[in-house]
Amino acid sequence: MVEQKFHKLEEILKEMETIVIAFSGGVDSTFLLKVAIDTLGRENVLAVTADSETYPLEELQEAKQLAEKLHARHEIIETSELNIPGYSENTANRCYFCKKSLFQHLIPIMKEQGYKNIAFGLIADDLGEHRPGTKAAREYNVRGPLQEADLYKSEIRELSQQMGLPTWDKPSFACLSSRITYGERITIEKLRRIDQSEQVIRATGIRQVRVRTHEDIARIEVEPGDMELLLTHHDEITAKLQEFGYTYVTMDLSGYKSGSMNKTLQKAGN
């Protein structure tokens, strides 16, 4: 089954011929980039990474290293989500504004350099979640080849491991704004505080972490198996996060869950 989906992905890419990929360096976009290069040839694939306030410096450096490892043509562009009208207000469709701006940056690159398509790392799992960015993709004819091939995250990890990609077991990543509860204004100070806080926690050996922000409360999500390690370092973590500006530092006993902020939308009926 997975092999059939992989071959379907190759056919989709062949039909696209030349492609600009929105490349974050995460599990999905790295896999897509690798398969695109193998299928279409390096000269027909361009990876573009958007460097912005919501993208941690560590992720940017890793994206550069991955692109180099894959011998990909790679460009980095400067963007600013906080300058996008409607983004900082942090409404339920925040991701729509972000993806719309990203695609508006990628379209001129595609046209000027003679590519035929733009793609991003949409996967089959995303169709059952709150993903306003997919609306922007439809509006700008941006494709999600992984989703079109019906590939799920677990399958992409499996195939990535088979291909020797170092991202096969990389923790899931989302922009820093996803840590701030809907309706609370997004600021550069909050984004930096979240980034610094998660760096502190990862330094203990915990790989998957989210510091969800509710005004002056930090709600830390880690995998259940990492909770004991988090508590072992609770004094230093609490001290650092309070130094960064949080008043209260808490651990969510439910553990890490992608998109957990969407629970507030479900309660509100959005």
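These numbers come from a predicted model, not from an experiment.

Draft legend 1. Summary view of the nonpolar core. Ranked by internal contacts, the top residues of the largest apolar core, which has 34 residues, are Leu9, Leu13, Ile19, Phe31 and Leu33. Counting only elements with at least two residues in this core, the list comes to α1 (2-16), β1 (19-22), α2 (27-40), β2 (45-51), α3 (57-69) and α7 (153-162). Among the elements that make up this core, the one with the highest residue count is α2 (eight residues).

Draft legend 2. Looking closely at the sheet that holds strand β5 (residues 209-214). Strand order in this open sheet of three strands is β5-β6-β7, and the pairing throughout is mixed. Whereas interior strands pair on both sides, the edge strands pair on one side only; in this sheet they are β5 and β7 (248-251). Each strand axis lies, on average, 25 degrees off the axis of its neighbour in the sheet, ignoring direction. Pairing of strand β6 (residues 217-222) with β7, which is carried by four bridges, proceeds in the parallel orientation. Note on β7: the bridge partner recorded for Ile220 is Met251. Packing against the sheet, helix α8 (residues 188-202) makes contact with β5 and β6, and its axis sits at approximately 145 degrees to β5.

Draft legend 3. Structural detail: the environment of Ile123. Among the structural elements, Ile123 can be located in the loop between β4 (117-119) and α5 (133-139). For Ile123, a relative accessible area of 2% translates into the label buried. As a C-alpha pair, Ile123 and Leu146 span 23 residues in sequence and 5.2 Å in three-dimensional space.

Draft legend 4. Focus on the packing of α1 against α7. Contact geometry of α1 with α7 gives a least axis separation of 11 Å together with a crossing angle of 85 degrees. Comparing the axis directions of α1 and α7 gives the class roughly perpendicular. Packed against α1, whose contacting residues are Val2, Lys5 and Phe6, the element α7 presents Glu155, Glu158 and Leu159 at the interface. Class assignment of the residues belonging to the contact of α1 with α7 gives a composition of three nonpolar, no polar and three charged.

Draft legend 5. Molecular detail of unusual backbone geometry. Its identity as a non-glycine residue notwithstanding, Asn90 has a phi of 60 degrees, on the positive side. Residue placement: Asn90 occurs in the loop between β3 (73-78) and α4 (94-113). A relative accessible area of 0% places Asn90 in the buried class.

Draft legend 6. Examining the packing of aromatic side chains more closely. In this structure the tally under the stated criterion is four aromatic pairs. Look at Tyr55 and Phe173: their rings are 6.2 Å apart centre to centre, the planes differ by 75 degrees, and that puts the pair in the edge-to-face class. In this pair, Tyr55 is assigned in the loop between β2 and α3 and Phe173 in the loop between α7 and α8, connecting sequence segments 118 residues apart. Ring geometry for Tyr96 versus Phe97: centroids 5.7 Å apart, planes at 70 degrees, classification edge-to-face. What makes Tyr96 buried here is its relative accessible area of 11%. Residue placement shows Arg193 over the ring face of Tyr246; its charged tip is 4.0 Å from the ring centre.

About the thresholds
Sequence order sets the numbering: in each chain, residues are counted from 1 along the sequence as written. The predicted nature of this model means local features are confined to residues of pLDDT at least 70 and side-chain atom pairs, given and counted, to a pLDDT of 80 or more, with totals for whole chains, interfaces and linings taken over all residues. Side-chain calculation: all heavy atoms of the structure are included, whereas hydrogens and water are not. Only buried Ala, Val, Leu, Ile, Met, Phe, Trp, Tyr and Cys residues count toward a nonpolar core, and they belong to the same one when joined by side-chain atoms within 4.5 Å. Buried, partly exposed and exposed residues are distinguished by accessible area as a fraction of the type maximum, computed with a 1.4 Å probe on protein chains only: under 20%, between the cut-offs, and over 50%, respectively. Working definition: helices are DSSP H or I runs of at least four residues, strands are E runs of at least two. Numbering for both runs from the N terminus. For two strands to pair, DSSP has to find at least two bridges joining them. Between N-to-C directions, angles span 0 to 180 degrees; the directions come from axes that are lines fitted to C-alpha atoms, helices contributing only their stretch in contact. Note on definitions: a residue-residue contact is assigned when non-hydrogen atoms from the two residues lie within 4.5 Å. Convention used here: angles under 35 degrees read as roughly parallel, angles over 145 as roughly antiparallel, angles from 65 to 115 as roughly perpendicular, and any remaining angle as oblique. Note that Gly is not counted as nonpolar here; it falls among the polar residues with everything else outside the nonpolar set of Ala, Val, Leu, Ile, Met, Phe, Trp, Tyr, Cys and Pro and the charged set of Asp, Glu, Lys and Arg. Pairs were defined over the aromatic rings of Phe, Tyr and Trp, the Trp ring being its six-membered one, requiring ring centres within 6.5 Å. Orientation was assigned from the angle between planes: stacked under 30 degrees, edge-to-face over 60, tilted for the rest. Throughout this description, the term charge over a ring refers to an Arg CZ or Lys NZ atom that lies within 6 Å of the ring centre and within 35 degrees of the ring normal.

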